[in-house]
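Single-letter residue listing:
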Amino acid sequence: SYFTEATIHFADAEQLEEPILKQINGQWVYASGYTIITDYTGLAEYGGNFFHISNGVLDWNYSGLSYYQGNWWYVSNGVIDWSYTGLTNYYGTWYYVTNGYLDWNVTTLTYFYDAWYYVENGVLNWNYTGLAEYCGGYYHIANGVLDWGYTGLSYYYGDWYYVTNGCIDWNY
């Protein structure tokens, strides 16, 4: 079997390129050739930086999580913020970010807007009540938040401990 010229579709090299971030008519877009990829939302690399794309257009106003090649990254004003460590809300769930990267392996207490929160496996755990260790101290957590006003018993790894004002009372 053979192909004739009538059965082969020839395309411009410009039409065959991989989608990239580029300027078209003064606007930064994620495009293949001159076709904007309007169904793409995520990150695109350009000049060693990563930018957030919303529906094919670079979104300078976006701050939050953005997906790229199997990972989630924290974006501030349209660009990955490699310096950010802390909580961020994404569609109603609070996630923990370490140096711009959503860190699924972290379990810690974190300070955010005047309160301490319990993060487990990268997600703020609103259901956790018990003790949490942080920087050598043990603190009582109630529904995911450090409770400085709590005095009483608190459970931790199979044992009960007495807590005064949110901290283990080793003298009790």
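Below is a short write-up of the structure. (Residues numbered from 1 in each chain as written. Predicted model: local features only at pLDDT ≥ 70, side-chain atom pairs only at ≥ 80, totals over all residues. Heavy atoms only, no water.)

Both the distance between ring centres and the angle between the ring planes are used here to describe each pair of aromatic rings. Across all of its chains, the model carries 25 aromatic pairs by this definition. Taking 4.7 Å as the distance between ring centres and 85° as the angle between the ring planes, the aromatic pair formed by tyrosine 90 and tyrosine 91 counts as edge-to-face. Overall, tyrosine 91 belongs to the exposed group, its relative accessible area being 75%. Here the aromatic rings of tryptophan 94 and phenylalanine 112 are separated by 5.3 Å at their centres, their planes lie at 65°, and the arrangement is edge-to-face. Remark: phenylalanine 112 occurs in strand E13 (residues 108-112) and tryptophan 94 occurs in strand E11 (residues 93-98); sequence separation between them is 18 residues. Note on tryptophan 94: relative accessible area 24%, which makes it partly exposed. Looking at phenylalanine 112, the relative accessible area reads 18%, which means it is buried. Taken together through their ring pairs, the aromatic side chains of Phe50, Tyr68, Trp73, Trp82 and Tyr101 make up a single cluster. (Phe/Tyr/Trp six-rings, centres within 6.5 Å; stacked < 30°, edge-to-face > 60°. Buried < 20%, exposed > 50% of the residue type's maximum accessible area, 1.4 Å probe, protein only. Helix = DSSP H or I, 4+ residues; strand = E, 2+ residues; numbered from the N terminus.)

On to the pairing of strand E14 (residues 115-120). Sheet analysis places E13 next to E14, joined by five bridges and oriented antiparallel. Across the sheet, residue threonine 110 finds its bridge partner in E14, namely tyrosine 117. Where E13 folds back on E14, the antiparallel hairpin that results is connected by two residues, among which tyrosine 113 adopts a positive phi of roughly 50°. As paired strands, E14 and strand E15 (residues 123-124) are joined by two bridges and run antiparallel to one another. Pairing of glutamate 120 across the sheet is with valine 123, part of E15. (Pairing = 2+ DSSP bridges.)

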